[in-house]
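# Structural characterization, general
The residues making up each chain are set out below.
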Amino acid sequence: MNTGSDEPGEVAMADDGAKGERALGSRAPEFIKARRALHLSWQVGVFIVGLAVVVAGVIMLPLPGPGWLVIFGGMAIWATEFVWAQLVLRWTKRKVTEATQRALDPKVRRRNIILTTVGLVIIAALVGVYVWKFGLEMPWNIKE
């Protein structure tokens, strides 16, 4: 059993001192937690469903589709039952929040806008040189 405790109905608590977060542990209904065999089969089922969703997300990474979103969805499914997945999701949420706060900083936004503008000017200049030299001819049709 990977719920942080061998006793049914108990939940493990994180030592990080986070306030306002749910307690760690299984979110299975009480009648399932009361029976060890039923709870173990519940955990196996949750693991298999979460694994299928995570594998689908990994497949979507190189293919069209919301790969990372699906992977985090699979982690959320695992987090309904496993403490390790709950801790990974809490860490991920904390890092995403920190990155969002950094991205909203006015200095960082100004720098990003300047870098984007410089990149677009460079691309426009390269396209202009190409059109000036070759016209609107596709690169594979150019004969020199």
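Residues numbered from 1 in each chain as written. Predicted model: local features only at pLDDT ≥ 70, side-chain atom pairs only at ≥ 80, totals over all residues. Heavy atoms only, no water.

### What to know about the overall build of the protein chain
Convention followed: Strands are runs of DSSP state E lasting at least two residues, helices are runs of H or I lasting at least four, and both sets are numbered from the N terminus onward. Working definition: with a 1.4 Å probe on protein chains only, accessible area under 20% of the residue-type maximum means buried, over 50% means exposed, and in between means partly exposed. Only heavy atoms matter for contacts: two residues are in contact if any of them lie within 4.5 Å across the pair. Note on areas: Shrake-Rupley with a 1.4 Å probe; residue coverage comes only from the protein chains shown.
Per the secondary structure count, the protein chain includes 5 helices and 0 strands. Order of helices (α) and strands (β) in the protein chain, N terminus to C terminus: α-α-α-α-α. Split into buried and exposed, the 144 residues of the protein chain put 21% on the buried side. Restricting the contact set of the protein chain to residue pairs at least 6 apart, pairs at least 24 apart contribute 46%. Surface exposure of the protein chain reaches about 10,600 Å², of which carbon and sulfur atoms provide 69%.

### A word on helix 4 (residues 83-103)
What counts here: One less than the residue count of a helix, multiplied by 1.5 Å, gives the span that helix is expected to have.
With 21 residues, helix 4 should reach 30 Å at 1.5 Å per residue; the first-to-last C-alpha distance of 30 Å fits that figure. Where helix 4 is buried, its residues contact helix 3 (67-79).

### Some words on the nonpolar core
How we decide: Think of a nonpolar core as a cluster: buried Ala, Val, Leu, Ile, Met, Phe, Trp, Tyr and Cys residues, connected wherever their side-chain atoms sit within 4.5 Å.
Residues Val-46, Val-54, Met-75, Trp-78, Ala-79, Phe-82, Ala-85 and Leu-89 constitute the largest nonpolar core, which totals 8 residues. When residues of this core are traced back to their parent elements, those giving at least two are helix 2 (36-60), helix 3 and helix 4. For this core, the element with the highest residue contribution is helix 3, accounting for 3 residues. If we ignore the near neighbours within four places in the chain, the residues touching Ala-85 are Met-75, Trp-78 and Ala-79.

### Observations regarding the UniProt feature "transmembrane region" (unreviewed entry) in the protein chain
Our working rule: UniProt positions are given in the numbering used here, feature names are shortened, and annotations may be inferred rather than shown by experiment.
UniProt records the feature "transmembrane region" (unreviewed entry) for residues 40-61, 67-92 and 113-132 in the present numbering. Along residues 67-92 the backbone is 88% helical and 0% strand, and the end-to-end C-alpha distance reaches 16 Å. Structurally, residues 113-132 is divided into 100% helix and 0% strand, and its ends, taken at the C-alpha atoms, are 28 Å apart.

### Some thoughts on the packing of helix 3 against helix 4
The description of two helices packed together rests on the angle between their axes and the distance between the axes. Cut-off, in case you're wondering: Throughout, an axis means a line fitted to C-alpha atoms (over the contacting stretch in the case of helices), and angles, computed between N-to-C directions, take values from 0 to 180 degrees. When describing relative orientation, an angle under 35 degrees is termed roughly parallel and one over 145 degrees roughly antiparallel, while 65 to 115 degrees is termed roughly perpendicular and anything else oblique. In a left-handed crossing the near helix is turned counterclockwise from the far helix by less than a right angle, and in a right-handed crossing that turn is clockwise. When residues are grouped by polarity, Ala, Val, Leu, Ile, Met, Phe, Trp, Tyr, Cys and Pro land in nonpolar, Asp, Glu, Lys and Arg in charged, and all others, Gly among them, in polar.
Between helix 3 and helix 4, the least distance of the axes is 7 Å, while the angle of their chain directions is 135°. If you check the angle between helix 3 and helix 4, you find them oblique. Remark: the crossing between helix 3 and helix 4 carries left-handed chirality. Along the contact surface, helix 3 presents Phe-72, Met-75, Ala-76, Trp-78 and Ala-79, while helix 4 presents Trp-84, Ala-85, Gln-86, Val-88, Leu-89 and Thr-92. For the contact of helix 3 with helix 4, the class distribution of residues is 9 nonpolar, 2 polar and no charged.

### Some points on the packing of aromatic side chains
The line we're drawing: The criterion for an aromatic pair is that two Phe, Tyr or Trp rings (for Trp, the six-membered ring) have centres within 6.5 Å, with stacked assigned to planes under 30 degrees apart, edge-to-face to planes over 60 apart and tilted to the rest.
Using the criterion set out here, one finds 6 aromatic pairs in the structure. Taking 6.3 Å as the distance between ring centres and 85° as the angle between the ring planes, the aromatic pair formed by Phe-47 and Phe-82 counts as edge-to-face. Of this pair, Phe-47 sits in helix 2 while Phe-82 sits in the loop between helix 3 and helix 4; the two residues are 35 residues apart in sequence, bridging distant segments of the chain. Judged by centre distance (5.3 Å) and plane angle (55°), the rings of Trp-78 and Trp-84 are tilted. Cluster of aromatic residues (ring-pair linked, three or more members): Phe-47, Trp-78, Phe-82 and Trp-84.

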